[in-house]
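Residue strings, one per chain:
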Amino acid sequence: MLGPKDFLLGGIAPMLVALAAFSLAWFFSRRASVAWSAGVLAGYFGGTIAVEAGGVGVVAALKQMGAPHDAHQWTWMIGVAAMTPAIAAALLGERRQWRWLLSVALAVVAPLWLMWGGKYLPSAEIRATGFAKEAWGVGEAVAVIGVVAFAILLAWRLWEANDPTDQPRTRGLLAAIVLSCTAAVAGMSGSFVYAQAIGVLAASVGGCFVAGWLWRVKAGPEAAAGPIILLAGSLLLLATHYSQLQPWHAAGLWASITLSAAYLPNRIGLNARGRIALRCSVCLIPLALVFGHAAYKFVESQRQQQKEADANPYMSM
């Protein structure tokens with residue numbers, strides 16, 4: 001189980017790093033995209049180092065980040081790579097729409113890279129041994145990677161389509177809340193490693209939200225849509241296939257993540273409070289359904305374990 005130390009290293013540390021990085025980037029650039037991206041990436045990397053260092057020390061944690069062994073340790077590099085479309089857009093000028101070619105490539109390559117060499121996409125040598133019983137066939141692999149890539153691209157596009165001045169604080173707060181609850185659902189399903197990683201991302205977004213509120217930045221998490229969406233999608237993919245997060249839970253959580261900061265059409269006639277209420281409703285309803293079911297299953301599993309322990313005479317000694 002996660003303890004106070006884990007919440008300190010995986011929650012408070014990345015939030016403070018994100019807040020500081022956002023503030024510095026905003027001070028020097030005065031650009032929301034630079035500040036949000038710097039805050040999210042610095043917070044996520046700093047929080048990941050803090051979590052890893054809690055078990056092996058700072059030096060060993062830095063070495064692990066430079067030469068990762070586990071899939072989730074690669075994700076900070078994916079977050080950095082997610083900056084390339086925004087950089088390309090700045091360089092392309094009027095042809096900035098071509099940046100979406102990079103976004104498509106990242107949405108396909110990131111999940112493929114994370115799954116490659118594992119039990120679902122093992123090497124040819126491992127397949128030949130006959131032990132790769134859970135390995136995907138070509139059709140299944142194309143379907144899974146295709147669905148994940150489409151979901152990432154759709155969320156990415158909907159986030160960037162939003163007007164930065166349209167309720168940036170509401171969207172920032174909702175994104176942090178949804179990601180925090182996503183981490184909790186992953187933890188209740190037994191995915192403690194991925195729960196910590198998603199929690200670090202949530203804390204980083206939260207730190208950026210606080211910094212944006214302090215400096216009155218008129219932009220929300222869509223300013224760092226690439227890093228946030230690609231990191232969240234990658235971690236949900238890993239939690240679903242390498243731990244016990246149920247696919248329909250992941251789908252509901254992804255819907256909430258997407259809707260927390262997505263462009264919402266057909267809101268003509270609604271005042272500011274009405275628009276906030278609409279966004280909170282469409283975002284939090286699927287989250288509540290998933291969180292409630294996950295909590296119910298968690299309580300039931302704990303009750304069953306306690307019942308088995310009480311019935312075992314050796315456990316009560």
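The rules behind these values
Residues numbered from 1 in each chain as written. Predicted model: local features only at pLDDT ≥ 70, side-chain atom pairs only at ≥ 80, totals over all residues. Heavy atoms only, no water. Helix = DSSP H or I, 4+ residues; strand = E, 2+ residues; numbered from the N terminus. Rg over C-alpha atoms; globule rule 2.2 N^0.38 Å. Buried < 20%, exposed > 50% of the residue type's maximum accessible area, 1.4 Å probe, protein only. Contact = heavy atoms within 4.5 Å. Lys, Arg positive; Asp, Glu negative; His and termini not counted. Charge placed at Lys NZ, Arg CZ, Asp CG, Glu CD. Patch = residues over 30% accessible without salt bridge, like charges linked within 9 Å, V, L, I, M, F, W, Y side chains within 5 Å. Areas by Shrake-Rupley, 256 points an atom, 1.4 Å probe, with all protein chains shown as cover. Salt bridge = Lys/Arg side-chain N within 4 Å of Asp/Glu carboxyl O. Core = buried A, V, L, I, M, F, W, Y, C linked by side-chain atoms within 4.5 Å.

## Description of the overall build of the chain
Then, number 1: Helices and strands together make up the secondary structure of the chain, namely 13 helices and 0 strands.
Then, number 2: In terms of overall size, the chain behaves like a compact globule, its C-alpha atoms giving a radius of gyration of 20 Å where 317 residues would be expected to give roughly 20 Å.
Then, number 3: Dimensions along the principal axes, computed over C-alpha positions, put the chain at roughly 65 × 45 × 45 Å.
Then, number 4: Residues classed as buried in the chain amount to 46% of the 317 residues present.
Then, number 5: Nonlocal contacts in the chain, meaning residues at least 24 apart in sequence, comprise 74% of its contacts between residues at least 6 apart.
Then, number 6: Of the side-chain charges in the chain, 22 are positive and 14 negative, and the distance between the mean point of each set is 11 Å.

## Concerning a nonpolar patch on the surface
Then, number 1: A grouping of V104, V108, V109 and W113 is seen on the molecular surface, where their side chains present a nonpolar patch of about 320 Å² in accessible area.
Then, number 2: Tracing the backbone shows V108 in helix α6 (residues 99–115).
Then, number 3: For V108, a relative accessible area of 34% puts it in the partly exposed group.

## A short note on the nonpolar core
Then, number 1: One finds W159 and I257 to be the most contacted residues of the largest nonpolar core, which totals 75 residues.
Then, number 2: Discounting residues that sit within four places of it in the chain, I257 has contacts with W159, V178, L179, T182, I229, A232 and L236.

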